[in-house]
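Observations on chain architecture
Listed below, chain by chain, are the residues.
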Amino acid sequence: MNRLLYFAAPMAVVAQPAYAGDEVLFANSPAWVEPVDLDAAIDKGEEIVLYDRQVRLEGGVVTKHTDVAYEIRNTKTLQERGTLQFAWLPDKGDLTIHRLYLVRDGEVIDLVAQGVKPEILRRERSLEKRSVNGMLTAAITVPGMEVGDILRMTTSTTTRDQALQDEMQARESLIAEPTRLGFGRLRVSWPKDADVAWGTMGQFDPPEVISIDGDSVLQVSLPIEEPDEMPEDAPARFRVKPLLQFGTFASWEEVSAVMAPHFMVDDGIEPGSELAGEVARIIAASPDPRNRAALALQLVQDEISYLLNGMDGGNYLPQSPLDTWDKKFGDCKAKSLLLLALLREMQIESEVVLVDADFGDSVSISEPQPGAFDHMIVRATIDGEDYWLDGTNVGARVDTIDEVPDFVWALPLSTEGAGLMRMKQRWPQYPDEMINITLDFSGGVDLPATYTVNVEARGVIAARMRPQATETNDLLILAAANKRLNEIVPGVIYDASFAYDEKSGIGRMEAKGVTWDGFELNRDVATYEIDGATTNWEFKPDRARSAWRDIPYKVGGPYSNARETTVLLPDNGRGAEVEGRGSLDESVASVRFYRTTELRDGTFKLSDRTAYVPAEIAPEDIPAGRRAIRKIASGDPKLRIEQPTRIWELGDEELAARLSPVIDGIGQLIATFDDKAEMQALRGIFYLMARDYDAAQEDLESALTKQESAETYMMLANVQALQGELDDAVINAGLAFDAKGDAETAESYADLLAQAGRPDEALDLLDSLGLSGDEAIDVASGWASISGYADREEEAWERLADLLDERPDDVTLNNAKCWMAAIWNYNIKSALDYCEEAVMLSQQSASVIDSRAMLKFRLGMIDEALVDIDLALTKEPGLANSRYLRGLIRLQQGDEGGQDDLVQAKRIDPFIQQRYGAYDLTP
């Protein structure tokens, strides 16, 4: 941020920031300082024994006297307080140390009298923010301090600002609860005949000014009551922290007139100079004043780097335009003055203005003083329109200079004096971002999709792409693209590029990737919620508290976003339709919405945009805005496909062809990253999905040579089991369990042990987990499901019975008993009641109905079993168990269509044939 003024904040921990001369002075406190009873403060028993801030405004000088004492309660505090630092600005005044001593057992140890001297350091604390100010630091190591001591230090700083012509200003933040002080006070005084104005900001009751011996005195006891919490979406004037302001400026007009002489460019630009050549170049480039203003702003933004030089009065006094151009650096003042000189040389009406970039709205409740601002920009007037030009910003071009920054108020600097002016907002003429996305879901609703994205950005957003446009490291380019698109299209990017056009200031990004954030599937319906500029909007200002009901809502901006989303649909769009509002054109809650949609020839297109500019929504208008946004959100467009083709309906060759673009994309990513194991494991997953088990195994094994992972070990184990390599599968599942040790991995490991002919080891493994609660229930269910491999069904039955005695209404336990009885054909006549109970408790869960169907099949209730199977598959078409059992039944009944069911079940769950073979259920 571009600071015009440095404020001294209250010292609540160590010494306060101060302002002062090249050497530290030692003297008694000034006569106007009201003394403090330290003993009474100590008796309060607080760690911060004393915080007394006294401020004096007199004769153009502001003196801040600070008296602080701490109790050293532990070694941590002893280390923290062991070195004291007092900082000051030597071009504005002096630092004076009045006291520095320890109190131990009631005795004073005077460190100054012992000859303790500070070490003077030049320490710029804001170099990373491109700021230097000439601040000096007096560093003092406290000798001999012990736990239990009271450390007291009293200092003062004086400030006479070169730019203010004997005017004075001061701001003092107020320490609030829950900070605890033995004694706390803020005391401000000035000669009674001095023309000092004062005021408060934030939640704070104004104190009274009293007269004492010819002085006006204002005093506040600290800490003050903790301010009420304010909503984060409130305008800045409601969120400003409590503070007191003092100054000798009578009006904003006086502030303007006092500051204006420092920001004159009457001498213009020297003819024949390099700077004059830049002016000539701009004039020759365009006859349009807007274009010229934009080119001048671009010159200042691009050619002058930011550096705040606050030395020698530089916090208010700018360097000349010529110096700025020669040095090629400057702060907001220097850049603004250079821009002003350029614009005036081109006969464009312009002036510099002060703004507050952080809390601009709070200027309206501030006392008139320069300290109300922290930034400077230029106001240019062209054809009756105001343009607010910020030389410290980036990426400005003629397309974007009409945007009005969210500073709310500006103070023009004029020798005649000017008052505050509100910065009138206007809607952006071009989108800050234009995003074109094509999502290729033509492979199917339950497959990952490839996508391409093109982003075109202007202004600040475009300027952020400039470094990436010159980047040559592919990994860094992909990382930048992933970071940019992660919230727009979740997934992985395998190809990306950036470009930046210096002339237009437009940044471009192109990317290709894979996303698995696709259709949601419910029964035989697939839905996809399209993410666009006008979707997923919320407006939820919290004004429920009575204290908040009269607080407006602050809209951010300015910002405009345009989006065009194209979705390539499977099966050429068969069965697809669009739900929601396909068209939209309205303004709600200070936001403009525009949308059109089109569904044709297997392609869906959404074109939409939004724009909003800084504004306030009055409290009484918030409910209407909330309802209107909710109405818009309820109409977000959604794609709906009835009875889409599912993955299990695709043959191996067709599925491989549909997944080929995804696998090729991940292959490109592997070639880029090379040693990134997670990318190879990811491709292994997609090969597994494509039923190419040899390729899946190769990728997973390769990934593990680069980086071991429990998840990759378990995936490899499953693939090996599918390939008939059970011994290797068990080894890798064991490695996965050793690495992770959780119940889920243990159950998968146990299942493979059982399939490999080692069921007792599997059951012992599950017993060794020693779990409780819901995890114990899950493990008991898993134990029962593999008990038949070891002929221990009776033991499983009794275990489940014991658990059901404790939790008779547990869905998992009832279903486990139903399923265990059904698959192992054990005690089936007694199990039906458990099946019925589980179905009821689960509210007709598909998987639980599937268990009941299996039991009914064992009981010979074939027709009823088929009814349950059809119901389960209606609820969850991808339920492999039900589809496989239906295939067995249909084949037994002579229906060759049962073979299709078996094939599709094996496509969903490649293990199902082996598993059902173990249950003695074969075609």
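Above this text you will find the structure in question.
Conventions and cut-offs
Residues numbered from 1 in each chain as written. Predicted model: local features only at pLDDT ≥ 70, side-chain atom pairs only at ≥ 80, totals over all residues. Heavy atoms only, no water. Helix = DSSP H or I, 4+ residues; strand = E, 2+ residues; numbered from the N terminus. Rg over C-alpha atoms; globule rule 2.2 N^0.38 Å. Contact = heavy atoms within 4.5 Å. Patch = residues over 30% accessible without salt bridge, like charges linked within 9 Å, V, L, I, M, F, W, Y side chains within 5 Å. Areas by Shrake-Rupley, 256 points an atom, 1.4 Å probe, with all protein chains shown as cover. Salt bridge = Lys/Arg side-chain N within 4 Å of Asp/Glu carboxyl O. Lys, Arg positive; Asp, Glu negative; His and termini not counted. Charge placed at Lys NZ, Arg CZ, Asp CG, Glu CD. Pairing = 2+ DSSP bridges. Expected span 1.5 Å × (residues − 1). Buried < 20%, exposed > 50% of the residue type's maximum accessible area, 1.4 Å probe, protein only. Core = buried A, V, L, I, M, F, W, Y, C linked by side-chain atoms within 4.5 Å. Phe/Tyr/Trp six-rings, centres within 6.5 Å; stacked < 30°, edge-to-face > 60°. Lys NZ or Arg CZ within 6 Å of the ring centre and 35° of its normal. Axes fitted to C-alpha atoms, helices over the stretch in contact; angles between N-to-C directions. Left-handed = near helix turned anticlockwise from the far one by under 90°. Nonpolar A, V, L, I, M, F, W, Y, C, P; charged D, E, K, R; others polar. Disulfide = S-S within 2.5 Å. Polar contact = N/O pair within 3.5 Å; in protein donor to acceptor, adjacent residues only side chain to side chain.

Here we look at the overall build of the protein chain
Secondary structure summary: the protein chain contains 28 helices and 38 strands in total. What you see for the protein chain is a C-alpha radius of gyration of 37 Å, clearly larger than the 29 Å of a compact globule of 923 residues, by over 25%. Counting only C-alpha atoms, the protein chain reaches 110 × 80 × 55 Å along its principal axes. A separation threshold of at least 6 residues defines the contact pool for the protein chain, and within that pool the share at least 24 residues apart is 72%.

Brief notes about a negative patch on the surface
On the surface, Asp 692, Asp 694, Glu 698, Glu 701, Asp 727 and Asp 728 cluster together into a negatively charged patch. Of all the secondary structure elements, the ones that give two or more residues to the negative patch are helix H15 (693–706) and helix H17 (726–740). Considering each element in turn, the negative patch owes the most residues, three residues, to H15.

Describing the sheet that holds strand S21 (residues 375–382)
Reading across from one edge, S22-S21-S20-S23-S24 is the order of the five strands in this open sheet, with antiparallel pairing throughout. Looking at which strands have only one partner, the edges of the open sheet turn out to be strand S22 (385–389) and strand S24 (421–422). Pairing between strand S23 (residues 409–412) and S24: two bridges, direction antiparallel. Counted as the bridge partner of Ala 410 is Met 421 from S24.

Considerations on helix H8 (residues 332–345)
Compared with an ideal rise of 1.5 Å per residue, which puts 14 residues at 20 Å, H8 spans 20 Å between its outermost C-alpha atoms and is within 8% of the ideal. Across the 14 residues of H8, 12 count as buried, placing the element largely inside the fold. Among the residues making up H8, those that are buried are Cys 332, Lys 333, Ala 334, Lys 335, Ser 336, Leu 337, Leu 338, Leu 339, Leu 340, Ala 341, Leu 342 and Leu 343. Among the residues trailing H8, Gln 347 stands out with phi positive, at a value near 65°.

Side note on the pairing of strand S5 (residues 95–104)
For S5, the tally of buried residues reaches eight of 10 residues, placing the bulk of the element in the interior. Direction of pairing for strand S1 (residues 25–26) relative to S5: parallel, over a ladder of two bridges. Directly across from Phe 26, in S5, lies its bridge partner Ile 97. Pairing of S5 with strand S6 (residues 107–110), which is carried by four bridges, proceeds in the antiparallel orientation. When the sheet's bridge partners are listed, Val 103 is paired in S6 with Val 108. Between S5 and S6, which pair antiparallel and follow one another directly, the connecting turn spans two residues, one of which, Asp 105, has a positive phi of 55°.

A few points about the nonpolar core
Judged by nonpolar contacts, the single largest core of 140 residues is most densely connected at Phe 519, Leu 855 and Tyr 916. With sequence-adjacent residues up to four places away left out, Tyr 916 is seen in contact with Trp 819, Met 854, Asn 881, Tyr 884, Leu 888 and Leu 921. Ala 260, Ala 296, Ala 341 and Ala 396 belong to the second largest nonpolar core, which has 50 residues in total.

Considerations on the packing of aromatic side chains
Aromatic ring pairs are reported here in terms of the distance separating the ring centres and the angle at which the planes meet. Scanning the entire structure with this criterion turns up 17 aromatic pairs. With a centroid separation of 5.1 Å and an interplanar angle of 85°, the aromatic rings of Trp 824 and Tyr 919 are classed as edge-to-face. In this pair, Trp 824 is assigned in the loop between helix H22 (811–823) and helix H23 (828–841) and Tyr 919 in the segment after helix H28 (912–918), connecting sequence segments 95 residues apart. Here Trp 824 and Tyr 919 have matching classes, each one buried. These aromatic residues form a ring-pair network of at least three members: Tyr 789, Trp 824, Tyr 884, Tyr 916 and Tyr 919. Positioned over the ring face of Trp 797 is Lys 817, at 4.2 Å from the centre of the ring.

Things to note about the packing of helix H6 (residues 289–303) against H8
Two numbers describe how H6 lies on H8: the axes approach to 10 Å, and their chain directions differ by 150°. The crossing of H6 and H8 is right-handed. Between H6 and H8, the residues in contact are Ala 293, Ala 296, Leu 297, Leu 299, Val 300 and Gln 301 and Lys 335, Leu 338, Leu 339, Leu 342 and Leu 343, respectively. Partitioning the contact of H6 with H8 into residue classes produces nine nonpolar, one polar and one charged.

Looking at the state of the cysteines
Summed over the entire model, instances satisfying the criterion amount to one disulfide. Between Cys 818 and Cys 835 runs a disulfide, and the two sulfur atoms are separated by 1.9 Å. In this structure the cystine formed by Cys 818 and Cys 835 twists about its S-S bond by roughly 95°; its chirality is therefore right-handed. Of this pair, Cys 818 sits in helix H22 while Cys 835 is found in helix H23, placing the two residues 17 residues apart along the sequence. Comparing Cys 818 with Cys 835, the two get one shared label, buried.

Digging into the pattern of salt bridges
Throughout the structure, instances matching the rule amount to 65 salt bridges. For Arg 640, the salt bridge is made with Glu 577, and the minimal N-O distance between the two is 3.7 Å. Residue Arg 640 is found in strand S38 (residues 638–642), and its partner Glu 577 is found in strand S33 (residues 576–579); the two are separated by 63 residues along the sequence. Exposure remark for Arg 640: the relative accessible area of 21% places this residue in the partly exposed category. Sharing partners across several salt bridges, the network here consists of Asp 870, Arg 883, Arg 886, Arg 890, Asp 895 and Asp 901.

Considerations on the environment of Glu 836
Relative to the helices and strands, Glu 836 is located in helix H23. Accessibility expressed as a relative area gives 33% for Glu 836, which makes it partly exposed. As a C-alpha pair, Glu 836 and Asn 815 span 21 residues in sequence and 8.9 Å in three-dimensional space.

Focus: the sheet that holds strand S30 (residues 525–529)
As summarised here, the arrangement of the four strands in space is S29-S30-S38-S33, forming an open sheet in which the pairing is antiparallel. Pairing within the sheet leaves two strands with one partner each, and these edge strands are strand S29 (520–522) and S33. With strand direction ignored, the average angle separating the axes of adjacent strands in the sheet is 25°. Sheet analysis places S30 next to S38, joined by five bridges and oriented antiparallel. Bridging across to S38, Val 525 finds its partner in Glu 642.

Focus on the environment of Lys 875
Structurally, Lys 875 can be placed in helix H25 (residues 862–875). Taking the C-alpha atoms as reference points, Lys 875 and Ala 544, 331 residues apart in sequence, are found 42 Å from one another. A distance of 3.3 Å separates a polar atom in the side chain of Lys 875 from the backbone oxygen of Gln 844.

Observations regarding the environment of Ile 477
Along the polypeptide, Ile 477 turns up in helix H11 (residues 474–485). It is 6.8 Å that separates the C-alpha atoms of Ile 477 and Ser 497, two residues lying 20 residues apart in sequence. Contacts of Ile 477, omitting those with residues within four sequence positions, involve Glu 471, Thr 472, Ala 496, Ser 497 and Phe 498.

Observations concerning unusual backbone geometry
Here the bond from Glu 177 into Pro 178 is cis, since omega is 15°, no more than 30 degrees from zero. With respect to the helices, strands and loops of the structure, Pro 178 is situated in the loop between strand S11 (169–173) and strand S12 (183–191). Cis geometry marks the peptide bond from Leu 222 to Pro 223; its omega dihedral reads 0°. Looking at the element boundaries, Pro 223 is found in the loop between strand S15 (215–221) and helix H3 (236–239). For Gln 844, which is not glycine, the phi torsion reads 65° and is therefore positive. The partly exposed category is assigned to Gln 844, whose relative accessible area is 36%.

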